[in-house]
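Here is how the chains run, residue by residue.
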Amino acid sequence: MSTEEEIKAVIEGHIAKNRGSYAAWYVGISADPQKSLFSDHGVRHKGDAWIFRQAQTSSAAQNIEKYFLDHGADGNLDAGDDDPKFVYAYKKYRHTTPRSAKRAIFLKLRRLVGRGSTD
């Protein structure tokens, strides 16, 4: 595990290496970054620019996520899992599906109330 500053530097380096402004990237936190990247967001293992790192605590992961969002990256501070210690980032492409705040709220509500009656 790395410190907050080390993780920020690694992700910033990855963004710079893959040519893009912060706005071209999505940054999030998760307990399962591979699921978040590849299943939830549709990132491709090969060909897409992506990275994840484990923070020491979920609070540290949230601080790192907030840092990138404050610098213009796309993301959603309220979309994380329970005890999310991983920070992930990917360059947005047409085939990826960044979660907006509205989408995250919808998904949380759907999980809470279910899909409704089928009668």
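None of these values were measured; they are calculated from a predicted model. (Residues numbered from 1 in each chain as written. Predicted model: local features only at pLDDT ≥ 70, side-chain atom pairs only at ≥ 80, totals over all residues. Heavy atoms only, no water.)

Let us now look at helix α2 (residues 33–40). Among all positions in α2, only Pro33, Ser36, Leu37 and Phe38 are buried. Down the axis, α2 shows its buried residues gathered within 165° of arc, on one side only. Gly42, located one to two residues past α2, shows a positive phi value of around 75°. (Buried < 20%, exposed > 50% of the residue type's maximum accessible area, 1.4 Å probe, protein only. Helix = DSSP H or I, 4+ residues; strand = E, 2+ residues; numbered from the N terminus. Arc of directions from axis to C-beta.)

The next thing to look at is the sheet that holds strand β2 (residues 50–54). Taken in spatial order, the 3 strands of this open sheet run β1-β3-β2, and their pairing is antiparallel. Either end of the sheet is taken by a strand with one partner, and the two such strands are β1 (25–30) and β2. Sheet twist, expressed as the average angle between the axes of neighbouring strands with direction ignored, equals 15°. The sheet contact formed by β2 and strand β3 (residues 86–91) spans 5 bridges and is antiparallel. Counterpart to Arg53 in the pairing with β3 is Val87. (Pairing = 2+ DSSP bridges. Axes fitted to C-alpha atoms, helices over the stretch in contact; angles between N-to-C directions.)

Reading fine detail from the predicted coordinates is not recommended where pLDDT is low. Taken residue by residue, the protein gives an average pLDDT of 87. The fraction at 70 or more is 84%. The lowest-confidence element of the protein is helix α4 (residues 101–113), averaging 64 in pLDDT; the highest-confidence one is β2, averaging 98. (pLDDT = per-residue confidence, 0-100.)

Quick look at the pattern of salt bridges now. Considering all chains together, one arrives at 5 salt bridges under this definition. Residue Asp40 is joined to Lys35 by a salt bridge in which the shortest nitrogen-to-oxygen separation is 3.1 Å. Judged by relative accessible area, which is 27%, Asp40 ranks as partly exposed. Assessed through its relative accessible area of 44%, Lys35 is described here as partly exposed. Put simply, Asp83 and Lys85 hold a salt bridge, and the shortest N to O gap is 3.9 Å. Accessibility expressed as a relative area gives 28% for Lys85, which makes it partly exposed. (Salt bridge = Lys/Arg side-chain N within 4 Å of Asp/Glu carboxyl O.)

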